[in-house]
Amino acid sequence: QVQLVESGGGLVQPGGSLRLSCVASGSILSNQFVAWYRQAPGKQRDLVAAITSGGRRDYADSVKGRFTISRDNAKSTVYLQMNSLKPEDTAVYYCRLFIDSSAWWGQGSQVTVSS
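Quick look at the structure, then. Here the residue numbers are simple positions, counted from 1 along each chain's written sequence. Two thresholds apply to this predicted model, a pLDDT of at least 70 for residue-level local features and 80 or more for giving and counting side-chain atom pairs, whereas whole-chain, interface and lining totals are computed over all residues. The side-chain values count all of the structure's non-hydrogen atoms but skip hydrogen atoms and water molecules.

1. Here we look at the sheet that holds strand E1 (residues 4-7)
In any sheet, the strands associate via hydrogen bonds between backbone groups, in a parallel or an antiparallel arrangement.
Link 1 in the chain: Pairs of strands are assigned from DSSP output, requiring at least two bridges between the strands. Secondary structure elements follow DSSP: runs of H or I no shorter than four residues count as helices, runs of E no shorter than two count as strands, and numbering proceeds from the N terminus. Read across the open sheet, the four strands follow the order E1-E3-E8-E7; overall the sheet is antiparallel. The open sheet has two edge strands, E1 and strand E7 (67-72), and neither has a second partner. Neighbouring strand axes in the sheet, compared pairwise and without regard to direction, differ in orientation by 15 degrees on average.
Link 2 in the chain: Examined bridge by bridge, E1 and strand E3 (residues 18-24) share four bridges and lie antiparallel to one another. Helix axes use the C-alpha atoms of the stretch in contact, all axes being lines fitted to C-alpha atoms, and the angles between their N-to-C directions lie in the range 0 to 180 degrees.

2. Quick notes on the environment of Gln1
Link 1 in the chain: By secondary structure assignment, the location of Gln1 is in the segment before E1.
Link 2 in the chain: The class for Gln1 is exposed, based on a relative accessible area of 89%.
Link 3 in the chain: Each C-alpha atom, one on Gln1 and one on Val23, is 14 Å from the other, the two residues being 22 residues apart in sequence. Exposure categories follow from relative accessible area, calculated using a 1.4 Å probe and restricted to protein chains: below 20% of the type maximum is buried, above 50% is exposed, and the middle band is partly exposed.

3. Concerning the side chain of Thr52
Link 1 in the chain: With respect to the helices and strands, Thr52 occurs in the loop between strand E5 (46-51) and strand E6 (57-59).
Link 2 in the chain: Residue classification places Thr52 among the buried positions, given a relative accessible area of 18%.
Link 3 in the chain: By definition in these notes, contact holds between two residues if any of their heavy atoms fall within 4.5 Å. Ignoring sequence-local partners within four residues, the contact set of Thr52 consists of Gln32, Phe33 and Arg71.

Rendered as structure tokens:
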């Protein structure tokens, strides 16, 4: 069974940085479409960033210039580097892997930006 395991969340002060990791079992993540979503309390789950099989990267307007999505195929891992964090970035972050017509969610990582 495919499993996505997230890590790297935590508490950070405004202006700080965090890097989230999403690791897929069985090296299945390599060269696939992966996206990061986030959901704050009382709000919908929104797309934050995505990376295609060809390496194209797309971002929500709210995080452009601050967040970077990348992958390491050898480690079957996708990262979300988050810089210049703001309190409004506080949310649970989820990675999602897409292969053909199937998709899998990570378990979610809490990111809290607060002084």
